[in-house]
Amino acid sequence: EPEVTQTPSHQVTQMGQEVILRCVPISNHLYFYWYRQILGQKVEFLVSFYNNEISEKSEIFDDQFSVERPDGSNFTLKIRSTKLEDSAMYFCASSEQGDGGNSPLHFGNGTRLTVT
Amino acid sequence: AQSVTQLDSQVPVFEEAPVELRCNYSSSVSVYLFWYVQYPNQGLQLLLKYLSGSTLVKGINGFEAEFNKSQTSFHLRKPSVHISDTAEYFCAVSRWGDQGGKLIFGQGTELSVKP
């Protein structure tokens, strides 16, 4: 069964550094998402992406965050200047049609980001 | 806006016992309802979903859930659990007609099955 793959599985970075989290969505999917889960808290929506542009973003997704689909297969999340509070598990997801019910999200295994 | 509350953060249970993981939601519009499971060191995997129709939905691994509109609940059940069901379970909603399918998650319930 096709999978969403994320790399790296664990990223350690120093505060103020830029990080790029990478994801390869399922090949025929059109909608892409980033979620994050701070330890002990809810899984939170960050951003959705369709047709090479952001379709929706949360309050968390401020100017420090950006997403890109640089080629036909990768979907990246960049954090320009990391803060301690950015430490979390980041999940990438994709869906075929983005209609929620009939086209559920498929998630990757996550990247654990640790900011020191 | 939508919100999801999972009433139990941890549920310990013995193998072969029944289990119920509780989920309540709040929304001013109609929603789709989901349960996802996260096994250790893995991503979120869809267990089951409720879109419309019959309020009892069956999913993978013998799990089922019942939608109760009047109580705004979507509790997950399994009549007899296995050690392999040990995982974190997330209830989630998305808004009907929400192009983009954004999910709102609950806090998660850690199911621990003991021999």
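Please refer to the structure placed before this passage.
Residues numbered from 1 in each chain as written. Chains lettered and ligands numbered in written order. Predicted model: local features only at pLDDT ≥ 70, side-chain atom pairs only at ≥ 80, totals over all residues. Heavy atoms only, no water.

## Some words on the pairing of strand β9 (residues 88–95) of chain A
Residues and elements named next belong to chain A. Within β9, eight of the eight residues are buried, which leaves the element mostly enclosed by the surrounding structure. Here β9 shows a buried face lined by Ala88, Tyr90, Cys92 and Ser94 and a second buried face lined by Met89, Phe91, Ala93 and Ser95. As paired strands, β9 and strand β11 (residues 111–115) are joined by three bridges and run antiparallel to one another. Bridge pairing in β11 places Tyr90 opposite Thr111. (Buried < 20%, exposed > 50% of the residue type's maximum accessible area, 1.4 Å probe, protein only. Helix = DSSP H or I, 4+ residues; strand = E, 2+ residues; numbered from the N terminus. Pairing = 2+ DSSP bridges.)

## Focus on the pattern of salt bridges
With the rule as written, the count across this model stands at seven salt bridges over all chains. Across the pair Glu44 of chain A and Arg36 of chain A runs a salt bridge, and its minimum N-O distance is 3.3 Å. Its relative accessible area of 9% is what places Arg36 of chain A among the buried residues. Connected via shared salt-bridge partners are Glu20, Glu66 and Arg77 of chain B. (Salt bridge = Lys/Arg side-chain N within 4 Å of Asp/Glu carboxyl O.)

## Regarding the sheet that holds strand β3 (residues 19–24) of chain A
All names here are of chain A. Here we have four strands laid out as an open sheet, ordered β1-β3-β8-β7, and antiparallel in their pairing. Edge strands, defined here as strands with exactly one partner in the open sheet, are β1 (5–7) and β7 (65–68). Ignoring which end each strand starts from, the neighbouring axes of this sheet average 20° apart. As paired strands, β3 and strand β8 (residues 75–79) are joined by five bridges and run antiparallel to one another. By the bridge assignment for β8, Ile20 is matched with Lys78. (Axes fitted to C-alpha atoms, helices over the stretch in contact; angles between N-to-C directions.)

## What to know about the interface of chain B and chain A
The partner chain A presents 21 residues to the 23 residues of chain B that form the contact. Summed over both sides, the interface between chain B and chain A buries roughly 1800 Å², with carbon and sulfur atoms accounting for 53% of that surface. Here chain B is connected to chain A by one salt bridge. A salt bridge links Glu56 of chain A to Lys102 of chain B, with the shortest nitrogen-to-oxygen separation between them at 2.9 Å. Taken together, the connections running from chain B to chain A amount to five residue pairs in polar contact (both at pLDDT 80 or more). Secondary-structure elements contributing two or more residues to the side of chain B that touches chain A are β5 (31–38), β6 (44–50) and β10 (87–95) of chain B. (Contact = heavy atoms within 4.5 Å. Buried area = accessible area lost by both parts, 1.4 Å probe. Polar contact = N/O pair within 3.5 Å; in protein donor to acceptor, adjacent residues only side chain to side chain.)

## Observations regarding the nonpolar core
In this structure, Leu33, Trp35, Leu47, Leu48, Phe74, Leu76 and Tyr89 of chain B are the most contacted members of the largest nonpolar core, which totals 28 residues. Core analysis: the second largest hydrophobic core is formed by 22 residues, Val47, Ala88, Cys92 and Leu113 of chain A among them. (Core = buried A, V, L, I, M, F, W, Y, C linked by side-chain atoms within 4.5 Å.)

## Some words on the state of the cysteines
Enumeration according to the criterion identifies two disulfides over all chains in this entry. One disulfide in the model links Cys23 of chain A with Cys92 of chain A; its S-S distance is 1.9 Å. Looking down the S-S bond of the Cys23 of chain A and Cys92 of chain A bridge, the torsion is -65°, so its handedness is left-handed. Separated by 69 residues along the polypeptide, Cys23 of chain A in strand β3 and Cys92 of chain A in strand β9 bring together distant segments of the chain. Judged by relative accessible area, which is 1%, Cys23 of chain A ranks as buried. Given the relative accessible area of 0%, Cys92 of chain A is considered buried. Disulfide pairing is shown between Cys23 of chain B and Cys91 of chain B; the S-S distance is 2.0 Å. Judged by the sign of its S-S torsion, about -65°, the bond between Cys23 of chain B and Cys91 of chain B is left-handed. Taken as a pair, Cys23 of chain B in strand β4 (residues 23–26) and Cys91 of chain B in strand β10 lie far apart in primary sequence, 68 residues in all. (Disulfide = S-S within 2.5 Å.)

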